[in-house]
Amino acid sequence: MQSKVKEHIENILEKEIVLEKPKDVSLGHFATPVAFSLAKEFRKSPMIIAQELASKFVDDEMFEKVEAVKGFLNFKLSNLFLEKKSKEALLKGSSFAKEETKKEKILLEYVSANPTGPLHIGHARGAVLGDTLARVGRHLGYQITTEYYINDAGAQMDMLGLSVSLAGRDFILHEEVEYPENYYRGDYLVDIAKKIYDKYGGDIFHDESKYREMADFAKNIVMDIIVSDLNDVGIKFDNFVSEASLYNLWKDTKEVLLKNGSLYEKDDKLFLRSTLHGDDNDRVVVRENGIPTYLAGDIIYHKDKFDRKYDHYINIWGADHHGYIKRVHAALEFLGEDSKKLEILLSQMVQLLKGGEPYKMSKRAGNVILMSDISQEVGADALRFIFLTKKSDTHLEFDLDMLKNQDSSNPIFYINYAYARINQVFKKAEKRPEDVLDISYENLNEEALNLVYESLLLPSVLDEAFSKRDMQKITDYLYTLASSIHRFYNQYKIVGSAEEDKYLKVLSLCALTIKVTLNILGIKEKEVM
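The rules behind the values
- Residues numbered from 1 in each chain as written.
- Predicted model: local features only at pLDDT ≥ 70, side-chain atom pairs only at ≥ 80, totals over all residues.
- Heavy atoms only, no water.
- Phe/Tyr/Trp six-rings, centres within 6.5 Å; stacked < 30°, edge-to-face > 60°.
- Buried < 20%, exposed > 50% of the residue type's maximum accessible area, 1.4 Å probe, protein only.
- Helix = DSSP H or I, 4+ residues; strand = E, 2+ residues; numbered from the N terminus.
- Lys NZ or Arg CZ within 6 Å of the ring centre and 35° of its normal.
- Contact = heavy atoms within 4.5 Å.
- Salt bridge = Lys/Arg side-chain N within 4 Å of Asp/Glu carboxyl O.
- Pairing = 2+ DSSP bridges.
- Axes fitted to C-alpha atoms, helices over the stretch in contact; angles between N-to-C directions.
- Expected span 1.5 Å × (residues − 1).
- Parallel < 35°, antiparallel > 145°, perpendicular 65-115°, else oblique.
- Left-handed = near helix turned anticlockwise from the far one by under 90°.
- Nonpolar A, V, L, I, M, F, W, Y, C, P; charged D, E, K, R; others polar.

1. Description of the packing of aromatic side chains
Under the criterion given, the structure shown has 23 aromatic pairs. Geometrically, the ring pair formed by F57 and F63 is edge-to-face, given 5.8 Å between the ring centres and 80° between the ring planes. Like F63, F57 is buried. Ring plane angle 45° and centroid distance 5.0 Å describe the contact between F63 and F75, whose orientation is recorded as tilted. Remark: F75 occurs in strand 3 (residues 72-77) and F63 occurs in strand 2 (residues 63-69); sequence separation between them is 12 residues. F63 gets classed as buried once you look at its relative accessible area, which sits at 6%. Taking relative accessible area as the criterion, F75 reaches 0% and is therefore assigned buried. Across from the ring centre of Y142, 4.8 Å away, lies the NZ or CZ of K102, which sits over that ring. Against the face of Y441 rests K505, its NZ or CZ located 4.9 Å from the ring centre.

2. Some thoughts on unusual backbone geometry
Notably, R43 is not glycine yet its phi reads approximately 55°, a positive angle. According to the relative accessible area criterion, R43 is exposed, its value standing at 79%. Backbone geometry places D59, a non-glycine residue, at a positive phi of 65°.

3. Describing helix 12 (residues 324-334)
Of the positions making up helix 12, those classed as buried are I325, R327, V328, A330, A331, L332 and F334. On its buried side, helix 12 packs onto helix 10 (250-259), strand 8 (269-272), strand 9 (283-286), helix 11 (294-307), strand 10 (312-318) and strand 11 (342-347). The positive-phi residue at the C-terminal boundary of helix 12 is G336, with phi of around 85°.

4. Looking at the pattern of salt bridges
This structure, assessed with the given rule, holds 34 salt bridges. E64 is paired through a salt bridge with K76; the nearest N and O atoms lie 3.8 Å apart. Taken as a pair, E64 in strand 2 and K76 in strand 3 lie far apart in primary sequence, 12 residues in all. One salt bridge in this structure joins D307 and K303, with 3.1 Å as the shortest N-O distance. One end of the pair, D307, and the other, K303, are both in helix 11, 4 residues apart, so they sit about a helical turn from each other. Given the relative accessible area of 41%, D307 is considered partly exposed. Residue K303 is classed as partly exposed on the basis of its relative accessible area of 22%. What you see here is one network of salt bridges that share partners, running through E64, K76 and E446.

5. So, the pairing of strand 7 (residues 263-266)
In the sheet, strand 7 pairs with strand 8 via 4 bridges, with the strands oriented antiparallel. If you follow K266 over to strand 8, its bridge partner there is K269. Hairpin connection, strand 7 to strand 8: the antiparallel pair is bridged by 2 residues, and D267 has positive phi, about 55°.

6. Some points on the sheet that holds strand 9
The sheet built from 3 strands is open, its strands ordered 7-8-9 with antiparallel pairing. The sheet is open, and its two borders are formed by strand 7 and strand 9, each paired with just one other strand. The average undirected angle you get between the axes of adjacent strands in this sheet is 45°. The sheet contact formed by strand 8 and strand 9 spans 3 bridges and is antiparallel. In the sheet register, L270 faces strand 9, and the bridge partner there is V286.

7. Describing helix 5 (residues 121-139)
Relative to the 27 Å expected for 19 residues at 1.5 Å per residue, helix 5 spans 27 Å between its end C-alpha atoms, a close match to the ideal helical length. Just downstream of helix 5, G141 is the residue with a positive phi angle, here 100°.

8. A closer look at the packing of helix 4 (residues 79-92) against helix 19 (residues 500-520)
It is at 10 Å that the axes of helix 4 and helix 19 come closest, and there the two elements cross at 50°. Between helix 4 and helix 19, the crossing angle belongs to the class labelled oblique. Where helix 4 crosses over helix 19, the handedness of that crossing is left-handed. For the pair formed by helix 4 and helix 19, the contact residues are E83, S86, A89 and L90 on the first element and K505, S508, L509 and L512 on the second. In the contact of helix 4 with helix 19, the residues fall into 4 nonpolar, 2 polar and 2 charged.

Dropping the structure here:
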């Protein structure tokens, strides 16, 4: 709706404008400060210019009123226009706010956790963000491919093999073992060790040459756990790419970097000249022992990504990977790619409370809080929603007990209650939304019209949330809309009133907006509560 209004105003004024939503809707549904930008050109005060521009909209059926207020041009939409847009939305149903397919193809990589243990809540936040970003983008017409990069090479795999060996010797063979400080912990390792014991016997736990084999065995089991946990919260990937499978491309990738002078040797190591592209230090890509570093793997992977010819690339990383951004961008430039095509979003950690106290770590995972524990305790819908209530680059803290409250302190309950409430109103009235589809909004009161206006803002909310990579705008929008619905329900008699059909049409639009928005967020609406 907002884009249509903006286009209409620009056609009449024959100028590009910035269209804003006033905080006080009584001032108008939209406003533009265009008069201020024209003051120098016209050599008049913005207030006079705004008055002159307002006169161009006399008898315009899109607006009930256009007026100049302190140099701003304020627009109040007409009942007729809102009625027309309402019917269009209701006829579209689940396709409301859905846009036609765009040409732009995006490769979105997220989660990409090491396959050394189940996903913890830090991974969960990035997972929910990535999945929601993909869902919103696809609704807006972008061609988005989602990808999980399996970090199955390097030191973490060596540590996984050792950790399984120690778990087997400790809990199955009942030997006394000495654990390294940073080994992986948790009951899941004992379960894996038992499966290895059943298949290969106990001697394998003492054979260092078998550590890598055990690591690969464990990796496959852990990846099954990860995929299952993700599926439980509605997250599925189009692609899984193994880091180990890409290392046979290192020779060719290194040759490209050597030819353009971006690598040099020092102290028997091979360095990337990443300082030439803003990094603090040049980075090692090959160690003294000839083994490529984690960065080398990243370089190979990103070359592989860019070779697949997407228009844009988005990575969602944990905040602890902030230092990798410049070195990866530098590598892309050295490879002859446009590093501006790679966008990296950072996901901060989550602090969980329960009854005001820190949530206990999971025994199954050792020293972290598992995503699966939280989704089982509060449900996938609540988990998804709460992780989207703050922008991903800010810290998030919440109390799990709050998500069990049956009141406005629990946002997902409050929103679903608004939707269920509307369903109950229709049942009480013994009518269906299609029964009131053609009802006129003539003489509809301001509060009801504002509900229509809020509901029709969904397309612009989705567009802004996606363009700014800020899913909080969607959850805030839903909560505000639910608040308006509850307030209207408590203020006006609906069933049996003279305005019953008009109100029902308004509420059917509100319900559609809630349902579509929740579904885009990967959440199933509640018909009854």
